[in-house]
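Residue-level structural notes
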Amino acid sequence: MGILQEWSKFNHNVRIALLYTAINSLGMGIWGYAVLSGYLKVLTGSNVYVGAAEGFQGLCQMLVAFPVGHMTDKLGRERILRVACVVGLASSLLLFLSLILGGSGMQEYGLVTAALGGLGFYTGFSNVPLEALFADSTTHVNRARMNQYKFATRILASAAGPLTSIFLFFIVGNTWTLNELKTVFCCGLAVSSPPILLLLLFRDNQALGVESDIAHAHAYSELGEENTEESERMASNDYHELGDGLNPSHGRRSASSASEDDGEIGEDVAVKTHSPSALYWVPRLFAVSDVILGVASGMTIKFFPLFFKEESQLSPIEVNVIFLIAPSCVALQSYFTRLLASRIGRVKAMLMVYVPGVLLLVLMYCMSIGYDVKSGSVPLWQNKWVIVPVYVVRTALMNSTSPVKRAVFMEHVPIEMRGRWSAFESLTRFGWSGSAFIGGLCVDRYGYGATFLVTACLQASALIPISIVGFFVKD
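Below, the structure is looked at part by part. Quick caveat, the model's predicted, so the values are computed rather than measured. (Residues numbered from 1 in each chain as written. Predicted model: local features only at pLDDT ≥ 70, side-chain atom pairs only at ≥ 80, totals over all residues. Heavy atoms only, no water.)

**Describing helix H21 (residues 448-469)**
Heads up, the condition is: Strands are runs of DSSP state E lasting at least two residues, helices are runs of H or I lasting at least four, and both sets are numbered from the N terminus onward. Expected helix span is given by 1.5 Å per residue-to-residue step, counting one fewer step than there are residues. Only protein chains enter the accessibility calculation, which uses a 1.4 Å probe; a residue whose area is less than 20% of its type maximum is buried, one above 50% is exposed, and one in between is partly exposed. Arc definition: it is the arc formed by the directions from the helix axis to the C-beta atoms.
In a regular helix each residue adds 1.5 Å, so 22 residues correspond to 32 Å; H21 covers 33 Å between its end C-alpha atoms and thus fits that length. The set of residues buried in H21 consists of Tyr448, Gly449, Thr451, Phe452, Thr455, Ala456, Gln459, Ala462, Leu463, Pro465, Ile466 and Val469. Angularly, the buried residues of H21 cover 165° about the axis, an arc narrow enough to put them on a single face.

**A look at unusual backbone geometry**
Of note in this structure, Gln313 is not a glycine but carries a positive phi near 60°. Considering the arrangement of structural elements, one finds Gln313 in the loop between helix H13 (304-310) and helix H14 (316-344). Owing to a relative accessible area of 60%, Gln313 belongs among the exposed residues under this scheme.

**Concerning the packing of aromatic side chains**
Put simply, the rule reads: Whether two aromatic rings pair depends on their centres lying within 6.5 Å, for rings of Phe, Tyr and Trp, where Trp uses its six-membered ring; planes under 30 degrees apart make the pair stacked, over 60 edge-to-face, and the rest tilted.
Under the defined criterion, the tally for this structure stands at 16 aromatic pairs. Relative to Tyr448, the ring of Phe307 has its centre 5.5 Å away and its plane inclined at 65°; by these criteria the two rings are edge-to-face. In this pair, Phe307 is assigned in helix H13 and Tyr448 in helix H21, connecting sequence segments 141 residues apart. Across the pair, exposure class does not vary: Phe307 and Tyr448 are buried alike.

**Topic: the environment of Thr113**
Inclusion rule: Here a residue-residue contact requires only that any non-hydrogen atoms of the pair lie within 4.5 Å.
Take Thr113: it is sitting in helix H6 (residues 105-136). Along the sequence, Thr113 and Ala53 sit 60 residues apart, while their C-alpha atoms lie 5.2 Å from each other. Setting aside residues up to four positions removed in sequence, Thr113 forms contacts with Ala53 and Phe56.

**Quick look at the environment of Arg203**
Note the cut-off: Whenever a nitrogen or oxygen atom comes within 3.5 Å of another N or O atom, the pair is scored as a polar contact, on the condition that within protein one atom can donate a hydrogen and the other can accept it, and that pairs from neighbouring residues in sequence are kept only if both atoms are in side chains.
With respect to the helices and strands, the residue Arg203 is situated in the loop between helix H8 (178-192) and helix H9 (214-222). Placed 127 residues apart in sequence, Arg203 and Gly76 show a C-alpha to C-alpha distance of 9.4 Å. The residues touching Arg203, leaving out its near neighbours within four places in the chain, are His12, Asn13, Glu78 and Leu133. A polar atom in the side chain of Arg203 sits 2.8 Å from the backbone oxygen of Leu200.

Interpretation note: all reported values are geometric properties and have no functional meaning in isolation.
Structure representation (structure tokens):
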């Protein structure tokens with residue numbers, strides 16, 4: 001069954017998470033890609049300033065991520081999400097006022113950068129408990145499918161954002177000027193801000209408890225650790241406290257109701273057990289890999305819109321068409337990656353899509369060399385009919401493994417540690433944004449091609465930890 005047919009059977013938190021993801025991703029898709037980078041570049045005239053603003057946002061997220069991860073596991077996901085709601089609304093308002101009342105160029109840049117920092121705090125406060133609660137609200141047997149639904153929702157909504165931008169640029173003018181960029185920016189904020197209120201609807205007492213941690217319950221039992229306080233709670237189908245007011249009578253949902261909510265009525269749960277070494281090493285190896293991938297991607301991901309604007313001479317509408325097509329291809333490729341994983345194993349499937357993705361980025365670098373200025377020839381990447389398909393395929397491959405990776409990751413993280421481990425995602429986010437400053441320096445000094453090559457080398461090194469995971473995960 002598809003997501004619409006199963007909607008009524010989903011857990012309460014799963015439904016809210018999917019709805020929040022859809023609307024928020026739509027708004028971010030309008031202003032968070034081509035518009036934000038283009039606006040900052042036109043405002044300041046420097047890639048370094050573009051990277052600095054994005055880097056400050058990532059730094060703010062990183063600063064709160066680990067404390068939030070700890071508080072999420074100790075105080076409960078629901079309380080932290082309420083704090084995130086307040087921070088998110090205040091930051092969105094500040095960003096909107098900065099765009100409207102900014103003033104001179106650098107003064108406006110300072111206000112917008114401060115607002116982006118506030119949104120970094122908001123992301124740190126919201127992502128960690130949201131991801132942990134989403135994992136708590138899905139069963140072991142259907143977690144990969146729920147992650148696939150959430151991933152596809154985010155990607156397709158993100159694609160709808162550029163589609164909306166295309167319509168807006170068609171109305172206000174298809175040029176890279178501040179007035180047009182600000183208009184589209186504000187429209188995107190008007191869409192991405194209201195769903196922040198949905199964070200108030202998440203409930204800790206709608207999570208599944210041991211039903212979502214069943215792999216670890218059996219793993220601890222097989223390891224002979226039944227006498228520890230943790231395994232005794234799991235073996236007796238108890239729960240681990242996340243905050244005040246949670247107890248067996250009114251805390252987590254029962255296994256039977258959980259099964260009904262997740263659309264697994266009458267289905268036997270296939271339990272996987274993990275060795276002690278797997279439980280220790282798999283999360284750590286994935287964390288290392290994700291940080292390296294994040295740092296690598298951050299050097300280029302914020303500059304792709306500027307690359308198409310400056311090197312390929314594309315208009316705002318044309319750039320948004322690319323960001324409309326790419327997420328749709330990512331969603332499609334993620335489906336095929338999941339099918340591939342079911343046949344050859346999840347780690348092998350991840351590597352089989354990552355490797356060609358890295359090689360395509362090297363190809364993009366090669367398209368910048370081997371031309372002669374005197375003869376009038378131009379880099380191959382200035383031909384949009386060549387560079388755009390390469391970019392789209394590369395993007396689809398490199399971003400299609402998230403549901404599979406997250407399923408493996410969460411299988412090896414006990415429920416009481418998910419908040420802290422989810423905080424590592426903010427290191428990835430800091431990489432995406434924090435290394436944007438380094439990427440801006442590299443682009444201004446050495447050009448886009450050299451930045452692509454450095455990124456490809458870093459991404460290749462990130463595949464080493466993933467390869468090692470294959471020794472611990474037996475599909």
